[in-house]
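These are the residues of each chain, in order.
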Number of protein chains: 2
Amino acid sequence: MTALSTTRRSTRQRDVISRVLEVAEGPLSVTDILARTQAELPGVGLATVYRTVKLLCDQETVHPVTLDGETLYEASGRGHHHHFSCTACGRVFTLHACPVSIPAGSVYPGGFVVEAHEVTLYGRCPDCAGTVPQEPGHRL
Amino acid sequence: MTALSTTRRSTRQRDVISRVLEVAEGPLSVTDILARTQAELPGVGLATVYRTVKLLCDQETVHPVTLDGETLYEASGRGHHHHFSCTACGRVFTLHACPVSIPAGSVYPGGFVVEAHEVTLYGRCPDCAGTVPQEPGHRL
DNA sequence: CTCATTGCAAAACGTTTGCACAAAA
DNA sequence: TTTTGTGCAAACGTTTTGCAATGAG
């Protein structure tokens, strides 16, 4: 693959996979991406999804989010945000409110220089809020 | 296996693996646990580490931490804490200072009921603080 | 034509499990 | 003895890769 071609080839599946990630309400698993891509392009294979996602990650168009042992992917460039994982239905949402204020370069007790942070909130999403609360599980 | 035996058997490797996790400065990968266990008990196999870690997880003596796509394990019962991942040396540390205050039951904009939270800080650990800052990587 | 991209199948990787043996009770 | 725990190797699920065929330029 050349680094850049002057004219962009029309790569159907890459475009579809990109769009699937763009319009998602939160990060998706590879399986989710495959299913949503196949809804539009029935013949697509799993390897293509893995390859395309890796390519998009290298381009920094997309980035991985690891959550509860599963790797999900989301489109980049959505600004600073965090994730909410519903302990009832398992869906992951994007939250734009940030509960921490740690300027880059802050020094934490012990001499840890903080450059970035990641926050995941666990609880019940709006759809599940009326449900019986679940154990957050002992991962936390 | 019975749920409980009245007299506890002396299970050498389990004790060593537990202690390895107890004295660790932060969560460890299975490979780390294996290496540290073998330093004391040379013949130990990988399957034993997996089995023992799973057992300790079921007992809630230990719990998994997923970070950057890798699953690490740490001893439970260390109180509320978070993790610091060094972008220079890759080590993960435990931090007892908590940068967020979200009481259980708080409702986030959009109707998300928060029951727990997880924070990971990225940056340079004390040992690497003098080093040239690294890109935090575009996972963040 | 050339060459990037694809689907398929095989390989590689991390984790789990079956089994025969060893050690403890 | 019975029972639990072990190492080894095979099995398993997920992700990656080799390769021949397809499709775009």
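Up top is the structure these notes are about.
From a predicted model like this one, the values you see are computed outputs, not experimental measurements.

Analysis parameters
- Residues numbered from 1 in each chain as written.
- Chains lettered and ligands numbered in written order.
- Predicted model: local features only at pLDDT ≥ 70, side-chain atom pairs only at ≥ 80, totals over all residues.
- Heavy atoms only, no water.
- Helix = DSSP H or I, 4+ residues; strand = E, 2+ residues; numbered from the N terminus.
- Buried < 20%, exposed > 50% of the residue type's maximum accessible area, 1.4 Å probe, protein only.
- Contact = heavy atoms within 4.5 Å.
- Pairing = 2+ DSSP bridges.
- Axes fitted to C-alpha atoms, helices over the stretch in contact; angles between N-to-C directions.
- Salt bridge = Lys/Arg side-chain N within 4 Å of Asp/Glu carboxyl O.
- Core = buried A, V, L, I, M, F, W, Y, C linked by side-chain atoms within 4.5 Å.
- Parallel < 35°, antiparallel > 145°, perpendicular 65-115°, else oblique.
- Left-handed = near helix turned anticlockwise from the far one by under 90°.
- Least-squares fit on C-alpha atoms with pLDDT ≥ 70 in both.
- Polar contact = N/O pair within 3.5 Å; in protein donor to acceptor, adjacent residues only side chain to side chain.
- Buried area = accessible area lost by both parts, 1.4 Å probe.
- Nonpolar A, V, L, I, M, F, W, Y, C, P; charged D, E, K, R; others polar.

(A) Up close: the side chain of B:Thr120. Position of B:Thr120 among the secondary structure elements: in strand E7 (residues 112–124). Look at B:Thr120 and you get buried, because its relative accessible area is 11%. In this structure, B:Thr120 is in contact with A:Ala116, A:His117, A:Glu118, B:Leu67 and B:His83, ignoring residues within four places of it in sequence.

(B) Looking closely at the environment of B:Val100. As for its placement among the helices and strands, B:Val100 is situated in the loop between strand E5 (92–95) and strand E6 (106–108). Residues contacting B:Val100, with those up to four places away along its chain left out, are A:Pro99, A:Val100, B:His117 and B:Val119.

(C) Representation of the sheet that holds strand E3 (residues 70–75) of chain A in the model. All names here are of chain A. An order of E1-E3-E2 is seen for the 3 strands of this open sheet, with the pairing classed as antiparallel. At either end of the open sheet lies a strand with only one pairing partner, and these are strand E1 (28–29) and strand E2 (62–67). In terms of strand pairing, E1 meets E3 through 2 bridges, oriented antiparallel. By the bridge assignment for E3, Leu28 is matched with Tyr73. Contacts from helix H1 (residues 12–23) reach E1, E2 and E3, with the element oriented near 95° to E3.

(D) Region of the structure containing the pattern of salt bridges. Inspection of every chain in the model, using the stated rule, returns 10 salt bridges over all chains. Salt-bridge contacts for B:Glu115 lead to A:Arg124; the nearest nitrogen and oxygen are separated by 2.8 Å. Of the two residues, B:Glu115 sits in strand E7 while A:Arg124 sits in strand E7 (residues 112–124), which places them in two different chains. Here A:Arg124 falls in the buried class, since its relative accessible area comes to 10%. Residue B:Glu25 pairs with B:Arg36 through a salt bridge whose shortest N-O separation is 3.8 Å. In this pair, B:Glu25 sits in the loop between helix H1 (12–23) and strand E1 (28–29) while B:Arg36 sits in helix H2 (residues 30–38), placing the two residues 11 residues apart along the sequence. Of the residues examined, B:Glu25 reaches a relative accessible area of 36% and is grouped as partly exposed. Assessed through its relative accessible area of 36%, B:Arg36 is described here as partly exposed.

(E) Molecular detail of the nonpolar core. Formed by 26 residues in total, the largest nonpolar core has its most connected members in A:Phe84, A:Leu121, B:Phe84 and B:Leu121. Elements that contribute at least two residues to this core include exactly strand E4 (82–86), strand E5 (92–95) and E7 of chain A together with strand E4 (82–86), E5 and E7 of chain B. Beyond its immediate chain neighbours, meaning those up to four positions away, A:Phe84 contacts A:Arg91, A:Val92, A:Phe93, A:Leu95, A:Leu121, A:Tyr122, A:Gly123, A:Arg124, A:Cys125, B:Phe112, B:Val113 and B:Val114.

(F) Molecular detail of the packing of helix H2 (residues 30–38) of chain A against helix H3 (residues 46–58) of chain A. Residue and element names in this part refer to chain A. The contact between H2 and H3 brings their axes to 10 Å, and the two run at 115°. Here H3 runs roughly perpendicular to H2, going by the angle between their axes. Here H2 and H3 pass one another in a crossing that is right-handed. Residue-level inspection shows Val30, Ile33 and Leu34 of H2 in contact with H3, the latter providing Leu46, Val49, Tyr50 and Val53.

(G) Up close: the relation of the copies chain A and chain B. The transformation that overlays chain A on chain B combines an axial shift of 0.1 Å with a rotation of 179°, and the residual RMSD is 0.3 Å. Here the copies are linked by what is in effect a two-fold axis. Among all residues of chain A, the one whose C-alpha sits closest to the rotation axis is A:Val119, at a distance of 2.3 Å. A share of 100% of the interface residues of chain A reappears at the interface of chain B, consistent with the copies meeting face to face through the same patch.

(H) Seen up close, the side chain of B:Ser106. Residues and elements named next belong to chain B. Following the sequence through the fold, Ser106 ends up in strand E6. One polar contact links the side chain of Ser106 to the main-chain carbonyl oxygen of Pro103, over a distance of 2.5 Å. The contact partners of Ser106, leaving out residues within four places of it in the chain, are Phe112, Val113 and Val114.

(I) Broad picture of the interface of chain A and chain B. Taken residue by residue, the interface counts 43 residues in chain A and 44 residues in chain B. Approximately 3,700 Å² of surface area, both sides summed, lies buried where chain A meets chain B, with 59% of it carried by carbon and sulfur atoms. The interface formed by chain A and chain B contains 2 salt bridges. Where chain A packs against chain B, one counts 16 residue pairs in polar contact (both at pLDDT 80 or more). Elements represented by at least two residues in the side of chain A that touches chain B include exactly E2, E5 and E7 of chain A. Looking at which element gives the most residues to the side of chain A that touches chain B, the answer is E7(A), with 13 residues. Broken down by class, the residue content of the side of chain A that touches chain B amounts to 25 nonpolar, 12 polar and 6 charged.

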